[in-house]
Amino acid sequence: MIALIKIGNSIYENVPATVAVPMKFNENGMPVAFKEKPNPLIPNDPEKLKHVFKDTISWFTDRYIQSQLNSINEDLPDLVSEKSYLEGVFAASGISPEAVRNETVLVILSKKTINQAVTDLSIPEDLKSDFERAVEIARIIAWKEAIWKAEEKLESQIDSMTFEQLLQLDVKALCETAYAEIPLEV
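Residues numbered from 1 in each chain as written. Predicted model: local features only at pLDDT ≥ 70, side-chain atom pairs only at ≥ 80, totals over all residues. Heavy atoms only, no water.

Focus on the packing of helix α2 (residues 76-92) against helix α5 (residues 128-159)
Viewed as axis vectors pointing N to C, α2 and α5 meet at an angle of 140°, and their least axial separation amounts to 10 Å. By the angle between their axes, α2 is oblique relative to α5. When you trace α2 past α5, the crossing you get is left-handed. Across the interface between the two elements, L76, L79, E82, K83, L86, V89 and F90 from α2 touch D130, F131, R133, A134, I137, I140, I141 and K144 from α5. (Axes fitted to C-alpha atoms, helices over the stretch in contact; angles between N-to-C directions. Helix = DSSP H or I, 4+ residues; strand = E, 2+ residues; numbered from the N terminus. Parallel < 35°, antiparallel > 145°, perpendicular 65-115°, else oblique. Left-handed = near helix turned anticlockwise from the far one by under 90°. Contact = heavy atoms within 4.5 Å.)

Dropping the structure here:
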């Protein structure tokens, strides 16, 4: 049983790997004997099935990221434009956007605290909350990138699976387990 699979633009859940095809019928035309055959919905070629599962993982990952962002009332395009706006605010105050980006990365990597970065950048007190927001946005973007890196690892796992393993794959559980190790912290 395949728990989740995306084929083309359609999403299927709990798809059996095989189907029972009637082989014999009684005098009323009712089937009385069946033969198990591969489900025609599922690609029978291992490489095609791997491609379908990679597409399924990508689709699931997109939805997962959007769901997590929705849970914190954020939208990726808005975050990107807000990041650009904040860089402009700092630039207008004589603080280079590149320096702001570098310092936010150091904060995200726990190499500096926000207060240390604010001091090092000589950010005026009235812009401190803007820098805190820039760090928050950078954390969200770093989280999204970490999820996509995890997605790449899952695709590599797909490449090493046998056809039989693929037929038992639960993409949703695989992704949720991997992504749970990358919490969205803002």
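So, the pattern of salt bridges
Evaluation of the coordinates by the stated rule reveals 11 salt bridges. The residue E136 makes a salt bridge to R133 at a minimum N-O spacing of 2.7 Å. Note that E136 and R133 are positioned in helix α5 at a spacing of three residues, about one turn of the helix. In this structure, K144 and E145 form a salt bridge, with 2.4 Å as the shortest nitrogen-oxygen distance. The class of K144 is buried, set by a relative accessible area of 14%. (Salt bridge = Lys/Arg side-chain N within 4 Å of Asp/Glu carboxyl O. Buried < 20%, exposed > 50% of the residue type's maximum accessible area, 1.4 Å probe, protein only.)

Thoughts on helix α1 (residues 46-71)
Along its 26 residues, α1 runs 37 Å from first to last C-alpha, staying within 8% of the 38 Å computed at 1.5 Å per residue. Those residues of α1 not exposed but buried are L49, K50, V52, F53, T56, I57, F60, T61, Y64, I65 and L69. Where the residues of α1 are buried, they touch β1 (2-7), α2, α5, α6 (163-167) and α7 (171-180). Note on α1: the residue one or two positions beyond its end, N73, has a positive phi of about 55°. (Expected span 1.5 Å × (residues − 1).)

A word on the pairing of strand β2 (residues 10-15)
With five bridges joining them, β1 and β2 adopt antiparallel strand pairing. If you follow I5 over to β2, its bridge partner there is Y12. In this antiparallel pair of consecutive strands, β1 and β2, the connection spans two residues, and G8 shows a positive phi of 65°. (Pairing = 2+ DSSP bridges.)

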